[in-house]
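# Survey of secondary and tertiary structure
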Amino acid sequence: MPIEIGHVEAIFRYPVKSIGGERLEVANLGWHGLDGDRRLAFRRMDDRSGFPWLTAGKLPDLVLFAPKRRENDAQGELPTHVRTPDGEEMPVFGEDLAREVGRRYGAPVEMMQLKHGIFDDASVSVIASDTVREIERLAGRSLDVRRFRPNLVVRLRRSVPFQEDEWVGGVLSFGEGDEAPAIAVTMRDLRCSMVNLDPDSASSAPEVMKAVVRANQNNAGIYGTVTRIGRLAAGQTIFLHA
């Protein structure tokens, strides 16, 4: 029998890898994650590795850029513009934006679009708010959940931090019924230095990652792959199927 573990507290989408995200009340969960999530990324043009994407680990300022949509030309799930840290709005595929990011990084970049997204390990990331609060306690500072770049934030019925580890190998469904969207929980989320970055200032606090290492072997939250598509909404009940 499925177990009710909590409800969806918040939904986030990140149209451009490593820049600021968008908080949503509803979202469509497709076979490749949330529609419009991480479909764009800056490619380092001088990089020939298997991971050429520019991330905030290499340019912390990226988190200060924000996706924007202009009503008169917004179509679909992708942003039309990006707002720079200086407040200027530039077309998402424009040369000015690529030049500005390249200037800050110190090498040329270009915006790329991938139909199925640019993900590190899996297409959906989930973290419980209780886990964030425990890391906050251990780090000795207030933490915005956006540091952890989740797609879904869970408010747990049973308040136990790092409870997400218990879900690996199971399936999470969102809402009632056999048609409810669902993800298979494939692995724990092994964290990188991005959790150290304040999403509003890009300042680094190494004690955050140290707290995750100390508390749970550097894991916080889980990754999942989509097993049933559908509509996600804040407030939906979440069930764990073993």
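A brief report on the enclosed structure follows. This is a predicted model, so every value here is computed, not measured. (Residues numbered from 1 in each chain as written. Predicted model: local features only at pLDDT ≥ 70, side-chain atom pairs only at ≥ 80, totals over all residues. Heavy atoms only, no water.)

## Remarks on the packing of helix H2 (residues 129-139) against helix H3 (residues 207-216)
- Their axes nearest at 9 Å, the elements H2 and H3 cross at an angle of 110°. It follows that H2 is roughly perpendicular to H3 by the angle criterion. When the axes of H2 and H3 are compared, the crossing they make is right-handed. Here H2 contributes Ile-135, Leu-138 and Ala-139 to the contact with H3, which in turn contributes Glu-207, Val-208, Ala-211, Val-212, Arg-214 and Ala-215.
- Of the residues contributing to the contact of H2 with H3, the split by class is seven nonpolar, no polar and two charged. (Axes fitted to C-alpha atoms, helices over the stretch in contact; angles between N-to-C directions. Helix = DSSP H or I, 4+ residues; strand = E, 2+ residues; numbered from the N terminus. Parallel < 35°, antiparallel > 145°, perpendicular 65-115°, else oblique. Left-handed = near helix turned anticlockwise from the far one by under 90°. Contact = heavy atoms within 4.5 Å. Nonpolar A, V, L, I, M, F, W, Y, C, P; charged D, E, K, R; others polar.)

## Section: the layout of surface pockets
- Approximately 460 Å³ is the volume attributed to the largest pocket.
- Considering the residues around the largest pocket, the lining is formed by 24 residues, among which Lys-17, Asp-120, Cys-192, Met-194 and Tyr-223 are closest to the centre.
- Those elements that provide at least two residues to the lining of the largest pocket are strand S10 (124-128) and strand S13 (182-190).
- In this structure, the second largest pocket is lined by 19 residues; those nearest its centre are Gly-20, Gly-21, Val-63, Arg-146 and Pro-199.
- Residue composition of the lining of the second largest pocket, by class: ten nonpolar, two polar and seven charged. (1 Å grid on protein atoms, 1.4 Å probe; cavity = no way out; pocket = protein on both sides within 12 Å on 5 of 7 lines; lining within 4 Å. Points joined across faces, edges and corners; volume = space filled by probe spheres on them.)

## Details of the side chain of Glu-164
- With respect to the helices, strands and loops of the structure, Glu-164 is situated in the loop between strand S11 (152-156) and strand S12 (171-174).
- In this structure, Glu-164 is buried with no salt-bridge partner, the nearest side chain bearing the opposite charge being Arg-191 at 7.2 Å.
- At 2.8 Å, the side chain of Glu-164 and the backbone nitrogen of Ala-128 are in polar contact. (Buried < 20%, exposed > 50% of the residue type's maximum accessible area, 1.4 Å probe, protein only. Lys, Arg positive; Asp, Glu negative; His and termini not counted. Salt bridge = Lys/Arg side-chain N within 4 Å of Asp/Glu carboxyl O. Polar contact = N/O pair within 3.5 Å; in protein donor to acceptor, adjacent residues only side chain to side chain.)

## What about H2?
- Buried residues dominate H2, accounting for eight of its eleven residues.
- Turning to H2, its buried residues are Ser-129, Asp-130, Thr-131, Val-132, Glu-134, Ile-135, Glu-136 and Ala-139.
- Looking one or two residues beyond H2, the residue adopting positive phi is Gly-140, at roughly 75°.

## Considering the pattern of salt bridges
- Counted under the stated rule, the structure contains 24 salt bridges.
- Between Lys-17 and Asp-120 there is a salt bridge, with its nearest N and O atoms 2.8 Å apart. Taken together, the residues Lys-17 in the loop between strand S1 (3-13) and strand S2 (22-24) and Asp-120 in the loop between strand S9 (109-113) and S10 connect sequence positions 103 residues apart.
- With a relative accessible area of 5%, Lys-17 lands in the buried category.
- Close ionic contact of Arg-70 with Glu-89 constitutes a salt bridge, the shortest N to O distance being 3.3 Å. Within this pair, whereas Arg-70 is found in the loop between strand S6 (66-68) and strand S7 (81-83), its partner Glu-89 is found in strand S8 (residues 89-91), the two being separated by 19 residues in sequence.
- Salt bridges sharing partners connect three or more residues here, namely Asp-61, Asp-86, Glu-100, Arg-103 and Arg-104.

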